[in-house]
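Report on the structure
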Amino acid sequence: MAYSSALASSDRQRCLSLRPWLTALCFSLAFAMFAGCGDDEAKPAEETPPPLGAVDSFVAAPCWFGDLSSKTSRQIECGYVTVPQKRGVEGSPLISIAVVRSKALYAPEQTKAPIFFLQGGPGAELIGSVPTLVERIPHLFGADRDLIFLDQRGVGRSWPRLTCRRETAAECRDRLLREGIDATAFNSVENAADVDAIRRAFGYPKMALFGSSYGTLLAQHVMRDFPSLIESAILDSVVPLGTNFITEGGTSESSALRTLLAECARDSLCRAQYPDLEARFLRTYTNLREQPLQIALDLDPKKEGRETRVEIDGDVFASLIFDVLLFTGQIELIPRTIATFERRASEGSDPEFVRDRLAQVLSFSQGQSDAISDGTYFAVLCAEFGPFSGADTNLSGAYPELADYFRLSPDSIGQSCAEWGLPVLPETQRQTLQSDIPTLLFCGQVDPRTPTPFCSKVAAGLRNATNVWVPNQAHGVLLSTTCTDDMLRRFLRDPAAPVDLSCLQGPSFDFPQARLAKPTRSPEAFRPLLRRPESRLFP
């Protein structure tokens, strides 16, 4: 169930078959897009338990990063909030939730409700990116609000951290039990109660929520369980309660790719340079399934001569395409990527582009392995969605040629859930949220993970919601356009006022001129990427 990175391998060359593990549906957020990547100033997670306080109290601790006075004029406070591992169970052990508070610049009597930032994943840490976040996002959220960043239970600098060590799901579960960790206590309902515990620990009468990706699902749990305490909510890249995004992957990914390729066909330059692109994508997928490529990658320039050989079959190729769709700044590369693989890079056609693309993906994987708590990932997802398998995959509207590929993640993650054997949350906690809380929802029109129908499904139960479909955007909308950023600022100033959508414009891609971004190797880069956290990615 755990994964280990080939990037750390001592082998001079390894031939890696990436099938089927590079079909990940690990959503890690949007906050990574805010931060660009994590910050090298942040220290790694503690290896020993932090001090405990009374239940629902804050215990101050040294910050996990250096002095941030050069990045922000705000006062930064770090520490832990002590909570029961499992509420309602007498004698339950206490655990620690790591928290960073960036204080408002105004006097307390002049401040508005604090904003709680809810990370994606599930299982992705957030505090590692605080040094960059406090520099980049306060202009969006105002100087009159405290900003609260937390690592959810079982994640990052919170204690304990649910990490599996080259184990099967059952082996990991059993070891955690021997260590006194009850995996049934690590779910969205307990996460929501932790958010309220932090609110009470700091003495806030109310709070505002900002969630992205899985964080939007968590926000809905908070809104349901603590409705009178929520001033407003902003949901970016929305996951509906009761909707298994894993089994919906085929429909979501196919729809996003069709939308993008249709835009290429409407663009005269893209159409001329990359004609008939959808048919070429499907043909390339089939050809690579029958005859995979092997490409040598130098994944670490500091270690000369340490190449890794990667096998690219049809499923890995599809993973590359669909996961590039996650990044708004990268999606214009998709036509070139399809054309390059069609010409078969092993025969000398644009090999540098292919090698750079694969190196970038696998470098993200190296960083993600440290930033995701895989035990938490499964504890949360399995409780949220219950037992499922590839047979439950929704193929309505999906490319029929890729049906087997779309069943890979549901099969693998579903099998891990079966091994965990965790109880599913009650049906009442997985129903569509009904709420009057003012809510602003954002969905990108080419998002392959949280498509626009997800936004609509959540908005249907929210009586004071504005549902914003953002053209030309993928996963994680905010900080992508001045239009959506302005919407957010105006919404926070007056959540009851109508949201002006007039600044939204249709897609305007620049396909042929797209260039590959510089690869990122930060150990904190917890962007969505091509990885299956439930598998031994590099056995």
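If you're wondering where the values come from, they're calculated on a predicted model, not measured in any experiment.

**Considering the nonpolar core**
Formed by 65 residues in total, the largest nonpolar core has its most connected members in F116, I198, L209, V222, W420 and L441. With seven residues, the top contributor of residues to this core is helix α13 (residues 374-385). Other than its neighbours up to four places away in sequence, L209 contacts F116, L118, V195, A219, V222, M223, I230, S232, A233 and I234. If you look at the next biggest cluster of nonpolar residues, it comprises 39 residues, including I321, I338, A398 and L408.

**Comments concerning the packing of helix α10 (residues 314-324) against helix α11 (residues 334-342)**
Running from N to C, α10 and α11 point in directions that differ by 170°, and their axes come no closer than 10 Å. Regarding the angle of α10 to α11, the classification is roughly antiparallel. In this structure, α10 contributes F317, L320, I321 and V324 to the contact, and α11 contributes I334, T337, I338 and F341. The class makeup of the residues in the contact of α10 with α11 is seven nonpolar, one polar and no charged.

**Looking at the state of the cysteines**
Taken as a whole and judged by the stated rule, the model has six disulfides. With its sulfur 2.0 Å from that of its partner, C264 forms a disulfide with C270. One quick way to see it: the torsion about the S-S bond of C264 and C270 is about -90°, and its sign makes the bridge left-handed.

**Side note on unusual backbone geometry**
P122 follows G121 through a cis peptide bond whose omega is -10°. Tracing the chain through its elements places P122 in the loop between β5 (115-118) and α2 (130-136). The peptide bond linking W159 to P160 adopts the cis configuration, its omega dihedral lying at 0°. You can see P160 is positioned in the loop between β6 (147-150) and α4 (169-178). The phi angle at S213 is positive, at roughly 60°, despite the residue not being glycine. Tracing the backbone through its elements, the reader meets S213 in the loop between β7 (207-212) and α6 (214-225). Overall, the relative accessible area of 0% leaves S213 in the buried class. If you check the backbone angles, S237 has positive phi at about 70° while not being a glycine. Structurally, S237 can be placed in the loop between β8 (230-236) and α7 (249-266).

**Quick word on the environment of V446**
Structurally, the position occupied by V446 is in the loop between β11 (439-444) and α16 (452-459). Linking V446 and R258, residues 188 residues apart in sequence, is a C-alpha distance of 8.9 Å. When residues no more than four places from it in sequence are discounted, the contact partners of V446 are A256, T259, L260, L325, I331, Q473 and A474.

**Brief notes about the pairing of β5**
Of the two faces of β5, the one carrying I115 and F117 and the one carrying F116 and L118 are both buried. Direction of pairing for β5 relative to β6: parallel, over a ladder of three bridges. Of the residues in β6, the one forming a bridge with F116 is I148. One ladder, built from four bridges, connects β5 with β7; its direction is parallel. Along β7, the bridge assignment pairs I115 with A208.

**Focus on the sheet that holds β8**
Backbone-to-backbone hydrogen bonds pair the strands of a sheet. The strands run either parallel or antiparallel. The sheet built from nine strands is open, its strands ordered β2-β3-β4-β6-β5-β7-β8-β11-β12 with mixed pairing. Strand pairing shows two members of the sheet lacking a second neighbour, β2 (58-60) and β12 (465-470), which therefore form its edges. Taking the axes of each pair of neighbouring strands and ignoring which way they run, one obtains an average angle of 25° across the sheet. Where α6 meets the sheet, its contacts fall on β5, β7, β8 and β11, and the angle it forms with β7 comes to roughly 150°. The strands touched by α16 within the sheet are β8, β11 and β12, with β11 carrying the most contacts at an inclination of about 165°.

Reading the values: the criteria
Residues numbered from 1 in each chain as written. Predicted model: local features only at pLDDT ≥ 70, side-chain atom pairs only at ≥ 80, totals over all residues. Heavy atoms only, no water. Core = buried A, V, L, I, M, F, W, Y, C linked by side-chain atoms within 4.5 Å. Buried < 20%, exposed > 50% of the residue type's maximum accessible area, 1.4 Å probe, protein only. Helix = DSSP H or I, 4+ residues; strand = E, 2+ residues; numbered from the N terminus. Contact = heavy atoms within 4.5 Å. Axes fitted to C-alpha atoms, helices over the stretch in contact; angles between N-to-C directions. Parallel < 35°, antiparallel > 145°, perpendicular 65-115°, else oblique. Nonpolar A, V, L, I, M, F, W, Y, C, P; charged D, E, K, R; others polar. Disulfide = S-S within 2.5 Å. Pairing = 2+ DSSP bridges.

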